[in-house]
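Here are the chains, one letter per residue:
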Amino acid sequence: MVTATPPATRSDGSFLRPPRLVTSIPSVPGLPVIGNLLQFRADRLALHEEAARIGPIVRFSLAHIPVYVVTDADVAHQILADEADAFKKATGLQFLRPMLGDGLLTSEGPTHRRHRKLLAPAFAPKRLAAYGEVMVAETRAQLATWRGGKQVDLARELMELTLAIAGRTMFGADVRGDARTVAEGLELAMRALVDNLTSVVQLGYAWPLPRHRQMRRAVAMLDDVVYRLIAEARAAGVDRGDVLSMLLLARDDDGGPGLTDREIRDEVMTLLLAGHETTANALTWTWYELGRHPAALATLRQELATVVGARAVTVADLPALPFTAAVIDEAMRLHPPAYVTGREAIRDVTIGGHHFPARAILMINIRGIHRRADYFPAPTAFQPARMLPDAKKARPRHHFLPFGAGPRVCIGSHFALMEAQLVLATMIQHASIRTLATHVVPEPLITLRPRGGLPARVAAD
Ligand code: HEM
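Residues numbered from 1 in each chain as written. Predicted model: local features only at pLDDT ≥ 70, side-chain atom pairs only at ≥ 80, totals over all residues. Heavy atoms only, no water.

Participant: Quick rundown of the sheet that holds strand 9 (residues 431–435)? Include the residues and the values.
Facilitator: Pairing is antiparallel across the open sheet formed by three strands, whose spatial order is 4-12-9. Taken across any chain shown, the strands that pair with only one partner, and hence form the sheet edges, are strand 4 (150–153) and strand 9. Adjacent strand axes in the sheet meet at a mean angle of 35° when their direction is disregarded. Pairing of strand 4 with strand 12 (residues 455–460), which is carried by four bridges, proceeds in the antiparallel orientation. (Pairing = 2+ DSSP bridges. Helix = DSSP H or I, 4+ residues; strand = E, 2+ residues; numbered from the N terminus. Axes fitted to C-alpha atoms, helices over the stretch in contact; angles between N-to-C directions.)

Participant: Talk me through the pattern of salt bridges; I want residue IDs and the actual numbers.
Facilitator: Applying the stated rule across the entire model yields 24 salt bridges. The partner of Arg-127 in a salt bridge is Asp-239, and the shortest N-O contact between them spans 3.0 Å. Taken together, the positions of Arg-127 in helix 6 (residues 125–129) and Asp-239 in the loop between helix 10 (210–236) and helix 11 (243–249) put the pair 112 residues apart, joining distant regions of the chain. Taken together, the shared-partner salt bridges connect Asp-223, Arg-262, Arg-265 and Asp-266 into one network. (Salt bridge = Lys/Arg side-chain N within 4 Å of Asp/Glu carboxyl O.)

Participant: Outline helix 2 (residues 44–54), listing residues and values.
Facilitator: The α-helix winds at 3.6 residues per turn, so residues separated by three or four positions along the chain end up facing the same way. Those residues of helix 2 not exposed but buried are Arg-44, Leu-45, Leu-47, His-48 and Ala-51. For helix 2, the angular spread of the buried residues around the axis is 160°, confining them to a single face. (Buried < 20%, exposed > 50% of the residue type's maximum accessible area, 1.4 Å probe, protein only. Arc of directions from axis to C-beta.)

Participant: I'd like a description of the side chain of Asn-365, backed by residues and values.
Facilitator: Here Asn-365 is to be found in the loop between strand 8 (361–364) and helix 15 (366–370). Side chain to side chain, Asn-365 and Thr-71 meet in a polar contact 3.1 Å long. Excluding residues within four positions of it along the chain, Asn-365 makes contact with His-48, Ala-52, Val-69, Val-70, Thr-71, Tyr-339 and Val-340. (Polar contact = N/O pair within 3.5 Å; in protein donor to acceptor, adjacent residues only side chain to side chain. Contact = heavy atoms within 4.5 Å.)

Participant: I'd like a description of the pairing of strand 8, backed by residues and values.
Facilitator: Burial along strand 8 is two-sided: the residues Ile-361 and Met-363 and Leu-362 and Ile-364 are all buried. Strand direction decides the pairing type here: strand 2 (residues 65–70) and strand 8, joined by four bridges, are parallel. Paired with Val-69 across the strands is Met-363, a residue of strand 8.

Participant: Just give me the short version of the coordination of the iron atom of the ligand, but keep the residues and values in it.
Facilitator: Here the protein supplies the iron atom of the ligand with just one donor, Cys-410 (SG), and that contact is 2.3 Å long. Its location among the elements puts Cys-410 in the loop between helix 16 (389–393) and helix 17 (413–430). (Donors = N, O, S within 2.8 Å, 3.2 Å for Na, K, Ca; no water.)

Participant: Tell me about the packing of helix 14 (residues 322–334) against helix 17, residues and numbers included.
Facilitator: Packed helix pairs are characterised by how far apart their axes lie and by the angle those axes make with each other. Two elements in contact, helix 14 and helix 17, have axes separated by 10 Å at closest approach and are oriented at 115°. Judged by the sense of rotation from one axis to the other, the crossing of helix 14 with helix 17 is right-handed. Where helix 14 approaches helix 17, its residues Thr-324, Ala-325, Val-327, Ile-328, Asp-329 and Met-332 are matched on the opposing element by Leu-417, Ala-420, Gln-421 and Leu-424. Residues of the contact of helix 14 with helix 17, tallied by class, amount to seven nonpolar, two polar and one charged. (Left-handed = near helix turned anticlockwise from the far one by under 90°. Nonpolar A, V, L, I, M, F, W, Y, C, P; charged D, E, K, R; others polar.)

Participant: So what's going on with unusual backbone geometry? Which residues, and what values?
Facilitator: In this structure, Arg-359 is a non-glycine residue whose phi angle is positive, near 80°. Within the element layout of this structure, Arg-359 appears in the loop between strand 7 (354–356) and strand 8. Note on Arg-359: relative accessible area 25%, which makes it partly exposed. Residue Ala-378 is not a glycine yet carries a positive backbone phi of 50°. The class for Ala-378 is partly exposed, based on a relative accessible area of 44%.

Participant: Could you give an account of the packing of helix 5 (residues 109–119) against helix 12 (residues 261–292), with specific residues and numbers?
Facilitator: Closest axis-to-axis distance for the helix 5/helix 12 pair is 12 Å, and the angle between their directions is 75°. Between helix 5 and helix 12, the angle falls in the class roughly perpendicular. Note on element contacts: helix 12 touches helix 5 through Glu-263, Glu-267 and Leu-271, opposite Arg-114, His-115 and Leu-119. Classifying every residue of the contact of helix 5 with helix 12 by side-chain character gives two nonpolar, one polar and three charged. (Parallel < 35°, antiparallel > 145°, perpendicular 65-115°, else oblique.)

Participant: A description of the environment of Ala-310 should follow, citing residues and the corresponding values.
Facilitator: For Ala-310, the location among the structural elements is in the loop between helix 13 (294–307) and helix 14. Taking the C-alpha atoms as reference points, Ala-310 and Met-135, separated by 175 residues in sequence, lie 17 Å from one another.

Here you go:
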């Protein structure tokens, strides 16, 4: 998944008419005219933290555009779930359109509903179980490059691994030759997106800016591979057990013709982009915390030794590995890869007792909600035990929302959790990892990642 922050201006000209201010909401102090724009560009995370300290709904402004930061789980749930039909995704995502087209992440209304339904079977638990072996095998292949020991950037290693897993589960086993092109295309697109998100002025995509050219190059590289794979899969005409086969077989309820090549291309791109970086970051933050908490690592080792031993871990083992799941959850609580997500009101709507006008932009401060002391006592401490099943049951579910909520909740959440658990378990079984950073600075790019990566000394059997 990808989070997006609202741009300071918009290419359709509507920025000239900002929505009416909701004056009943307190604001983060800012400068005249530009408001909090400089702070937003320099340190978005700190701006969200400051908003969270002031209150549950707080306004900041990007020049004349007001943005409301929500750091309250009930209000967040109201926006994402109860009143979801009063909102659309925030406009920052639009820069991804050339790449993701009308895929699940960027589409709205009836198109989104239809595609969500057509994609659901590809993420059903039965289907997912078949991906488990691929996840473990790819992890073993990555670990094989660590034999003899070396120093690596663990963040980069995990990014490579989750991309390899995404490629195989999505396209089938015979595309390893394309993995490099896909990785390069995605990297290029992500850099262009970040350039765009952090620039003050958002010009239309037709403008010949370096970031637009970079995005076009990335799209061309990815299109080449994805369209060829679609043609091959269509020609084969059989279900090969991957997501692409599933999309080719998808049919509407009325037995209609299913998805066109263009629609399938949009979904494949979306899943590639939304799926691999988020999961890689969840795993990176998990290793960062395990490096700082040897007792948690020891408990994890013990659980795996008792339940799995030396054999390969399988999807069937996962229900018997609650501590493994809790460690990942707790890392995602402190460092949610999707640290904020934005919505724009499409009509006037009352949220948390305030009347918001159409076009108001609301940011759900997922990381801020996860770090509220009244939801999670000692909020900055890493305590996996609070994510064990009984402790979770004792708390309202919506206080923890790493995958969002409501009709646009992450479609890949089960896939991601399964992948994170299988990868983590396999790494513990077959590798020794000593992280070399005890304090890293979080960098809020598209997703939340450790600035400068996560250096580690690694070795594998
Ligand atoms: C730890 C890993 C992941 C995290 C933290 C994560 C987080 C999220 C969040 C918060 C959203 C909702 C965004 C919003 O409401 O604005 C989302 C949506 C989405 N995610 Fe994930 N995600 C993860 C992994 C994945 C994977 C593995 C896939 C696919 C294989 C995926 C595909 C998607 C898609 C397609 C959407 C859009 C769904 C829709 O709008 O209907 N994500 N994700």
